[in-house]
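Each chain is listed here by its residues.
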Amino acid sequence: MNTQNIYNNKDKDININTNSNTKIKICGLTSPAEARYLNENHVDFAGMVLFFPKSKRNISIEQAKEIMAVLDASIKRVAVVVSPYIEQVRQIEAAGFDYIQIHGEIPEAAIAIPILKAFNVSDMGSYEKYHNDSRIAGYVFDA
């Protein structure tokens, strides 16, 4: 079994199986220093919260660009948003994100990057509305 220790903390010794189909996404990045940590630990996805001032992890497009500039090319960049306006989607596309993770409603307009549709436990009933939407590349189930 091929495993990799993802912690440098002597109190933690957690290994992951790198041969599995499991992907690791760390969400809520707010600084380039956090991006460097993700690089060191070979995660698959880096999420950044945009256009949601209620979140303490909300950052601007400019801050997201600074973080993305530090991330290894192998790490997929994910914009995490709630019911975005199409103008916000266009800013996300222009910034160079690989995916857009949408909580809430997805705009009807065409979106040029793959969508990850997020569901909270409380809105799983809306899964039926989206499960046949060809624009959706995957699902995120969030508590």
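Residues numbered from 1 in each chain as written. Predicted model: local features only at pLDDT ≥ 70, side-chain atom pairs only at ≥ 80, totals over all residues. Heavy atoms only, no water.

Caption draft 1: Looking closely at the side chain of Asn39. For Asn39, the position within the fold is in helix 1 (residues 32–40). Within the local environment of Asn39, its side chain forms a polar contact with the backbone oxygen of Val70, the two atoms lying 2.9 Å apart. With residues up to four places along the chain from it excluded, the contact list for Asn39 reads Val70, Leu71, Asp72 and Ile75. (Helix = DSSP H or I, 4+ residues; strand = E, 2+ residues; numbered from the N terminus. Polar contact = N/O pair within 3.5 Å; in protein donor to acceptor, adjacent residues only side chain to side chain. Contact = heavy atoms within 4.5 Å.)

Caption draft 2: Up close: the packing of aromatic side chains. According to the stated counting rule, one finds 4 aromatic pairs in the structure shown. Taken together, a centroid distance of 6.4 Å and an interplanar angle of 25° make the contact between Tyr139 and Phe141 stacked. Taking relative accessible area as the criterion, Tyr139 reaches 29% and is therefore assigned partly exposed. Phe141 sits in the exposed class, given a relative accessible area of 53%. Every member of this aromatic cluster is reached through a ring pair, and the members are Phe119, Tyr139 and Phe141. (Phe/Tyr/Trp six-rings, centres within 6.5 Å; stacked < 30°, edge-to-face > 60°. Buried < 20%, exposed > 50% of the residue type's maximum accessible area, 1.4 Å probe, protein only.)

Caption draft 3: Quick peek at helix 2 (residues 61–70). Listed as buried for helix 2 are Ile61, Ala64, Ile67 and Met68. The arc enclosing the buried residues of helix 2, seen along the axis, measures out at 115°, which places them on a common side. In helix 2, the exposed residues that point more than 90 degrees away from the buried face are Glu62, Glu66 and Ala69. Elements in contact with the buried residues of helix 2: helix 1, strand 4 (45–50), strand 5 (58–59), strand 6 (76–82) and helix 3 (86–95). (Arc of directions from axis to C-beta.)

Such coordinate-based values are descriptive only and should not be taken to indicate function.
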